[in-house]
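Coordinates in review
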Amino acid sequence: MKICHLMYDDIANPWLGGGGAVRAMELYRRLASRHEITVVSGLFPGAELETERHGLRLLRVGSARSYALSRVGYCRAAVAQLQRLEWDLWINEFSAFAPLRVPASLRRQGLLLFYHFMGWHALAKHPLVGGVAWLCERRALRAYGRVLTIAPSVQARVQRRACDAEVDLVYSGVDRRFFALVPEEAPYLLYFGRMDIHTKGIDLLIAAFAEIADEHPDIRLKLAGRGTPKQLTNVRGLARRAGLEDRVEIIGNVDEERQGELLRRALMVCVPSRYEGWCMVAVEAAAVGKAVLGTDIDGLRDAVRHDETGVLVMPEDVGALAEGMRALIADDSKRRALGAAGRAWAGRFSWDRLAEDLENVYLRTVEEMGRD
């Protein structure tokens, strides 16, 4: 089978490099020996227009001059690139800020991969273009007859919005290396993920930590993950304005070894997101044996089982987030029990098994399109 996957992101993209790019690479590298797979993504500084990675053909389109131009250029060029290629099935990995204009004839031969609902958060993140992004999100779900999601709560919501569509589910996985790590506890709370303040709720996290900082003078907050220089500066500004420069450590991007070390020694992992599709970090933390403190939102409520592998609190509620921190810091036995249960829970999300699930969805989709 020839598969063509259109997605703006790339694991090497310095502006993004998010979980969706990791997911695509992990799944497709396992299918590349049986299928011919081409991934079309956005151009970025230093990127080759065409290359190969793990048996996949990678094509980059658009502009590398800036993040905004990269997204715009991808939107303009990706569908044209698709039309020049041969494929049996193509996938549109939807991005509200890089939406594609796809003719109806192509949509009937494609599958929409939809991670999460952004809704009004698009306006909060980017007031000038957020309205367009919000509208594109609403229209995309009505435009495709076949949709793929990655979490049950998102799947259910898509089914309510796109009543006539066939909506499949394939989870995201967790790397086996996390299960080999031996959990310990050092006096810090950990955030690990993109330094996207609004989406990931980093402003809420720092504000919540400020409420408990005086009660626990020995505990620090560490934030690690990919971010542009501007994003890192903005996060440092949040810590400074909260008076926490000496208590909040902003680490930035780290390699796999450092990531594992940070996760395995944290008291808990905090995921205060405003919206998510699944949250790979929450399952990685569980695999290391760490309790997760998160928000009760679509996607994340699937990745974290409340009071079993972690604790979920109301989204955008600084007080609730602070109280969650207090409770888990105070209760050593509960915190460790949640971590132990999380490790067992995370074991079901094998990339190998999920690649087979994805392959089955693709094969069935191609078969059904052949009968249409």
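Residues numbered from 1 in each chain as written. Predicted model: local features only at pLDDT ≥ 70, side-chain atom pairs only at ≥ 80, totals over all residues. Heavy atoms only, no water.

Observations regarding the pattern of salt bridges
Across all of its chains, the model carries 32 salt bridges by this definition. Between glutamate 50 and arginine 57 there is a salt bridge; the shortest N-O distance is 3.0 Å. Look at the salt bridges and you will find they share partners, linking Arg146, Glu166, Asp168, Arg364 and Glu368 into a network. (Salt bridge = Lys/Arg side-chain N within 4 Å of Asp/Glu carboxyl O.)

What about the sheet that holds strand β2 (residues 36–42)?
The pairing of strands in a sheet happens through backbone hydrogen bonds and is either parallel or antiparallel. If you trace the eight strands from one edge of the open sheet to the other, you get β3-β4-β2-β1-β5-β6-β7-β8, paired in mixed fashion. Two strands bound the open sheet, and with one partner strand each, they are β3 (50–53) and β8 (166–169). Along the sheet, successive strands turn relative to each other by an average axial angle of 25°, direction set aside. With five bridges connecting them, strand β1 (residues 2–6) and β2 associate as parallel partners. Across the sheet, the residue bridging to cysteine 4 is threonine 38, located in β2. Contacts between helix α2 (residues 67–84) and the sheet are confined to β1, β2, β4 (56–61) and β5 (89–93), with β2 contributing the most and set at about 150° to the helix. (Pairing = 2+ DSSP bridges. Helix = DSSP H or I, 4+ residues; strand = E, 2+ residues; numbered from the N terminus. Axes fitted to C-alpha atoms, helices over the stretch in contact; angles between N-to-C directions. Contact = heavy atoms within 4.5 Å.)

Comments concerning the side chain of glutamine 81
Take glutamine 81: it is sitting in helix α2. When neighbours within four sequence positions are excluded, glutamine 81 is seen to be in contact with Val40, Leu59 and Val61.

Topic: the environment of proline 14
Considering the arrangement of structural elements, one finds proline 14 in the loop between β1 and α1 (19–31). Remark: the alpha-carbon pair of proline 14 and tryptophan 351, spanning 337 residues in sequence, is separated by 25 Å. Those residues within four positions of proline 14 in sequence are excluded, and the remaining contacts are Phe44, Pro45, Arg226 and Thr228.

Structural notes on the side chain of lysine 200
Secondary-structure assignment places lysine 200 in helix α7 (residues 197–200). Under the relative-accessibility criterion, lysine 200 is labelled buried at 12%. In contact with lysine 200, other than residues within four places in its own chain, are Tyr191, Arg194, Pro272, Ser273 and Glu276. (Buried < 20%, exposed > 50% of the residue type's maximum accessible area, 1.4 Å probe, protein only.)

Some thoughts on the environment of leucine 293
Turning to its location among the elements, leucine 293 is positioned in strand β13 (residues 292–295). Judged by its relative accessible area of 0%, leucine 293 falls in the buried class. Separated by 102 residues in the primary sequence, leucine 293 and tyrosine 191 have C-alpha atoms spaced 10.0 Å apart.

Let's talk about the packing of helix α13 (residues 318–330) against helix α14 (residues 332–346)
One way to put it is that α13 packs onto α14 with a least axis distance of 5 Å and a crossing angle of 95°. Here α13 lies roughly perpendicular to α14, going by the angle between them. Side by side, α13 and α14 meet where Leu328, Ile329 and Ala330 of the first sit next to Asp332, Arg335 and Leu338 of the second. (Parallel < 35°, antiparallel > 145°, perpendicular 65-115°, else oblique.)

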